[in-house]
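Understanding the architecture of this molecule
Read off the chains here:
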Amino acid sequence: MDGCNRGKGYKRNMTLICVDDEKWVLLDAVSMCRELPRVDEVKGFTDSEEALEWLKAHDADIALLDINMPGIDGMALAAWIRENRPDTAILFLTATADFAYDAFELQASGYMLKPVDRERLAAEVEHALARRERKGAESKVEVRTFGAFEVLVDGRPVSFARAKARELLACLVDRLGSSVTRSAVFAVLYEDALYDRSMQKQLDVVIRSLRESLARAGIEDIIELKGGRLRVRPERLDCDMYRLFSGDADAIRAFRGKYMNGYAWTGMNDALAARIKRPPAE
């Protein structure tokens, strides 16, 4: 099944593939994708192995994948795409939220639950295409920890949909680039709460929200999810605390004893920062 919807003025065609073993779900997804203004060609596959063979010989800008499929499932197909077609954006459209964390470990651009409406699909595809266009042009990411925690991209504050997502990022920044397990992150965010199945799903929601907020700002690559562990990538950040610990004189002068106000778990780095001697004024 294939088709095209060519727009005017594009430098080249934008190609999207849909893979879902349920025929009627696939037909609906292909129909909606063909109406998207920035997508020129849409190809649909009910057989994931057939989709893989097509991808071995062709490029796609976006892959819209189901997860539970016979033979090669959506996660395995996404892993192959990430390894062999790294410029292809991956969007999952599936019936369950259970694989959301695994999806973001694969650096998926989006994760949608069935049935998806046209507006949500259009927004996710637009984001994925915008992300491709931003790739290679890294923005300056400034992280402020002196006083209140704040993240800015090219001077503009990043907005977080959930307070816990903001706190999760603050926690990762506080770890100085070291990776942490999901259970360790949970213990920080929820203190004495029981890490049961329900709360594991709640943590998935927080992680997904953080990834979505960073993706909207074009900086989703500042965190890494690998092997069930999370870390921030310090090399992508201009962080006042990191400069303080490296002995930067300006950062030392700027520090006034307040670090990530409002978070109770910052004691260790707070104490370390307080012990750094301020240089004499010039």
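So, a few notes on the structure that sits alongside this text. Quick caveat, the model's predicted, so the values are computed rather than measured.

Within this structure, the stated rule accounts for 18 salt bridges. Residue Lys114 pairs with Asp66 through a salt bridge whose shortest N-O separation is 3.5 Å. Of the two residues, Lys114 sits in the loop between strand 6 (110-113) and helix 5 (118-134) while Asp66 sits in the loop between strand 4 (62-65) and helix 3 (74-84), which places them 48 residues apart along the sequence. Given a relative accessible area of 23%, Lys114 falls into the partly exposed group. The residue Arg231 makes a salt bridge to Glu224 at a minimum N-O spacing of 3.8 Å. Owing to a relative accessible area of 30%, Glu224 belongs among the partly exposed residues under this scheme. Each member of the salt-bridge network shares a partner with another, and the members are Asp20, Glu22, Asp66 and Lys114.

This part takes up empty space enclosed by the protein. One pass over the full model with this rule turns up 2 cavities of 30 Å³ or more. Put simply, the largest cavity is a space of about 50 Å³. For the largest cavity, the full set of lining residues is Cys18, Val19, Asp20, Val25, Leu26, Ala29, Leu64, Leu65, Asp66 and Leu93. The set of elements that each furnish at least two residues to the lining of the largest cavity consists of strand 2 (15-19), helix 1 (23-34) and strand 4. When residues of the lining of the largest cavity are assigned to their parent elements, the largest contribution, 3 residues, is made by helix 1.

Next up on the list: the side chain of Asp66. Of the residues examined, Asp66 reaches a relative accessible area of 4% and is grouped as buried. If near-sequence neighbours (up to four positions away) are discounted, Asp66 is found in contact with Val19, Asp20, Asp21, Gly74, Leu93, Thr94 and Lys114.

In this model, helix 8 (residues 197-216) (20 residues) spans 29 Å end to end at C-alpha, consistent with the 28 Å of a helix rising 1.5 Å per residue. When we look at burial in helix 8, the residues that qualify are Leu203, Asp204, Val206, Ile207, Arg208, Ser209, Leu210, Arg211, Ser213, Leu214 and Ala215. Positioned one or two residues after helix 8, Gly218 has a phi angle of 75°, which is positive.

The strand order across the open sheet built from 4 strands is 9-8-7-13, with neighbouring strands paired in mixed fashion. Looking at the sheet topology across the chains shown, the edges are occupied by strand 9 (156-157) and strand 13 (238-239). Here 4 bridges tie strand 7 (residues 141-144) to strand 8 (residues 150-153), and the two strands are oriented antiparallel to one another. Along strand 8, the bridge assignment pairs Glu142 with Leu152.

Cut-offs used in this document
Residues numbered from 1 in each chain as written. Predicted model: local features only at pLDDT ≥ 70, side-chain atom pairs only at ≥ 80, totals over all residues. Heavy atoms only, no water. Salt bridge = Lys/Arg side-chain N within 4 Å of Asp/Glu carboxyl O. Helix = DSSP H or I, 4+ residues; strand = E, 2+ residues; numbered from the N terminus. Buried < 20%, exposed > 50% of the residue type's maximum accessible area, 1.4 Å probe, protein only. 1 Å grid on protein atoms, 1.4 Å probe; cavity = no way out; pocket = protein on both sides within 12 Å on 5 of 7 lines; lining within 4 Å. Points joined across faces, edges and corners; volume = space filled by probe spheres on them. Contact = heavy atoms within 4.5 Å. Expected span 1.5 Å × (residues − 1). Pairing = 2+ DSSP bridges.

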